[in-house]
Amino acid sequence: VSIQCGNMFRAVFRLSATGARSLTRSRPCYSAPLASRCYSHGKVETDEEFDSRWVTYFSKPDLDAWELRKGMNTLIGYDLVPEPKILDSALRACRRLNDLASAIRILEAVKDKAGPHKDIYPYLIQELKPTLTELGISTPEELGIDKL
């Protein structure tokens, strides 16, 4: 009895293994469709609206040092180099707060953000030169701290 049971078990196992393999081969392999959802139902912000929003943010008369740093961290976190008019507004906020260190950090962050595109940072400095002169802010290069 035990031999018949053992042979029967092997036969069932062999059939089930073969059957399982044939089942997996007979059905085409479909991957689950990727879910694509649009989570934002609002309108897309244009470049001009984006710039205006950040200029307005940094132009707030009651902006404090924490809000300045928070705004710059958020802005630098985006996949872009800020426009000169946004940086102008941020540098003027630094002047209102008498925060020279933040102004220099902004310039350093923008230089770092420009990355391998060596023509972006000189362009920004050229555009910001009148503001830097008016506010009495030196660039990291003028201070010699870019070589550290």
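Residues numbered from 1 in each chain as written. Predicted model: local features only at pLDDT ≥ 70, side-chain atom pairs only at ≥ 80, totals over all residues. Heavy atoms only, no water.

**Concerning the nonpolar core**
Part 1 of the argument: Of all hydrophobic cores here, the largest spans 25 residues; its most connected members are Phe58, Leu91, Ile106 and Leu107.
Part 2 of the argument: Contributing elements (two or more residues each) for this core: helix H2 (47-59), helix H3 (65-77), helix H4 (84-96), helix H5 (100-114) and helix H6 (120-135).
Part 3 of the argument: If near-sequence neighbours (up to four positions away) are discounted, Leu107 is found in contact with Leu91, Tyr121, Ile125, Leu128, Leu132, Ile137, Ser138, Thr139 and Pro140. (Core = buried A, V, L, I, M, F, W, Y, C linked by side-chain atoms within 4.5 Å. Buried < 20%, exposed > 50% of the residue type's maximum accessible area, 1.4 Å probe, protein only. Helix = DSSP H or I, 4+ residues; strand = E, 2+ residues; numbered from the N terminus. Contact = heavy atoms within 4.5 Å.)

**Observations regarding the confidence of the model for the protein chain**
Part 1 of the argument: Considering every residue of the protein chain, the mean pLDDT works out to 82; 72% of them sit at 70 or more.
Part 2 of the argument: Considering only residues more than four positions removed or in separate chains, one finds that residues 29-36, a stretch of pLDDT under 50, has zero contacts. (pLDDT = per-residue confidence, 0-100.)

**Points about the packing of H5 against H6**
Part 1 of the argument: One way to put it is that H5 packs onto H6 with a least axis distance of 9 Å and a crossing angle of 155 degrees. As the angle between them shows, H5 and H6 are arranged roughly antiparallel. In this structure, H5 meets H6 at a crossing whose hand is right-handed. For the pair H5 and H6, contact is made by Leu107, Val110, Lys111 and Ala114 and by Ile120, Tyr121, Leu124, Ile125, Leu128 and Leu132, respectively.
Part 2 of the argument: Residues that form the contact of H5 with H6 fall into these classes: nine nonpolar, no polar and one charged. (Axes fitted to C-alpha atoms, helices over the stretch in contact; angles between N-to-C directions. Parallel < 35°, antiparallel > 145°, perpendicular 65-115°, else oblique. Left-handed = near helix turned anticlockwise from the far one by under 90°. Nonpolar A, V, L, I, M, F, W, Y, C, P; charged D, E, K, R; others polar.)

**What to know about H2**
Part 1 of the argument: With 13 residues, H2 extends 18 Å between its outermost C-alpha atoms, agreeing within 8% with the 18 Å of an ideal straight helix rising 1.5 Å per residue.
Part 2 of the argument: In this fold, the buried residues of H2 make contact with H3 and H4. (Expected span 1.5 Å × (residues − 1).)

**Observations concerning the side chain of Ser102**
Part 1 of the argument: Structurally, Ser102 is set in helix H5.
Part 2 of the argument: Residue classification places Ser102 among the buried positions, given a relative accessible area of 6%.
Part 3 of the argument: In this view, Ser102 contacts Leu68 and Cys94; residues no more than four positions away in its chain are not counted.

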